[in-house]
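Listed below are the residues making up each chain.
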Amino acid sequence: MRAFTLIELLVVVAILAVLAAAAVPAALDAGDRARASTCAGRLRNLGGAIHLYCQDHGGAFPRSFHSAAANREPGWAFSVAPYLGAPAATTPDAWKRVFNRWFRCPSDTNSNPAAYSYGLNVFYELDPLGDDYAGSPATWRYIAQVPRPSRTILLGETKASAYGDHFMCHQWSGASAARNAIAHERHSGHANFLFADGHVEKLSAEATFFPPSTNRWNPSAAEN
């Protein structure tokens, strides 16, 4: 049997190196796609839980930290956790387990249960007497008041911020404000968004807010 020459061995090693270099990004891309898919699934589950909550509360949406305390309600995650089948969380450690299972995107590496992966659109809880926003005095506290639920965002992927569990999107004036709040780089330049009708889309930040043409956060401005 003829032995391999040194040049032949070097050629084989070079080919293997090229194949390995091509395989690593493909494997990473597959992992990113899997995490993005799991994230979208969690948002769909949250959408179902929010709709069940609305049915039990006269059609009203749960509130975020923006207005929950003032109305003697828990934040939206605490409100909808029972509708996800989550076990009762009576200790901080128990809540952290619930939080990471249902309210954490697998691509979000932050383990702090105060740093939400998903934020509620604040438009659903604005008060015309205390908040300044386009569309006032119209309010959208109830799911039946949302004119275009298939075009209006309910939850989106948020960066860790002082706002915690919601988007202060009624204060945004330009696309850069949306990019600063939305975790738009979490899934290859996109983020997952849950719409008020329950469906999920993966979009860039600009596809949700790019004034004056695009605003999928304000129920009075969301396009058909």
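See the structure printed just above.
Just so it is clear, the model here is predicted, and its values are computed rather than measured.

Undergrad: Explain helix H3 (residues 92-102) here, please?
TA: Within the sequence span of H3, burial applies to Ala94, Trp95, Val98, Phe99 and Trp102. When H3 is viewed along its axis, its buried side chains cluster within an angular range of 135 degrees and face the same direction. Summarising the geometry of H3, the exposed residues directed more than 90 degrees from the buried face are Pro92, Asp93 and Arg97.

Undergrad: Can you help me understand the environment of Asp165 in this one?
TA: Here Asp165 is to be found in the loop between strand S2 (153-157) and strand S3 (166-167). Spatially, the C-alpha atoms of Asp165 and Gly75 are 7.9 Å apart, while their sequence positions differ by 90 residues. Excluding its chain neighbours within four sequence positions, the residues that come into contact with Asp165 are Ser64, Phe65, Gly75, Trp76, Tyr116, Tyr118, Gly119 and Leu120.

Undergrad: Help me understand the pairing of strand S1 (residues 118-121) in this model?
TA: Where a strand is regular, its side chains alternate between the two sheet faces. The pairing of S1 with S2 spans three bridges and is classified as antiparallel. Its bridge partner lying in S2, Gly119 is registered against Gly156. Pairing analysis gives two bridges linking S1 to S3, with the strands arranged parallel. Residue pairing across strands places Leu120 opposite His166, the latter belonging to S3.

Undergrad: How should I be thinking about the nonpolar core in this particular structure?
TA: Taken as a class, soluble globular proteins show a tendency for nonpolar side chains to be buried jointly. Ranked by size, the top nonpolar core spans 51 residues in total, and within it Leu46, Trp76, Phe103, Leu155, Trp172, Ile182 and Trp217 carry the most contacts. Sorting the residues of this core by element identifies helix H1 (6-56), helix H2 (76-80), H3, S1, S2, helix H4 (175-181), strand S4 (191-195) and strand S5 (200-203) as the ones contributing at least two each. Tallying contributions element by element places H1 first for this core, with eight residues.

About the cut-offs
Going along each chain's sequence as written, the residues are numbered from 1 onward. The model is predicted, so local features are restricted to residues of pLDDT at least 70 and side-chain atom pairs to those at 80 or more, both for listing and for counting; the totals for chains, interfaces and linings are taken over all residues. The side-chain numbers reported here are obtained from all heavy atoms of the structure, hydrogens and water having been left aside. A simple rule labels every residue: compare its accessible area, found with a 1.4 Å probe on the protein chains alone, to the largest value its type can have, and call it buried under 20%, exposed over 50%, or partly exposed in between. Strands here mean DSSP runs of E at least two residues long; helices mean DSSP runs of H or I at least four residues long; both are numbered from the N terminus. It is the directions from the helix axis to the C-beta atoms that the arc portrays. When checking whether two residues touch, look at their non-hydrogen atoms; a contact exists if any pair is within 4.5 Å. Strands are labelled as partners when DSSP assigns at least two bridges between them. Among the buried residues, those of types Ala, Val, Leu, Ile, Met, Phe, Trp, Tyr and Cys that are joined through side-chain atoms within 4.5 Å form a nonpolar core.

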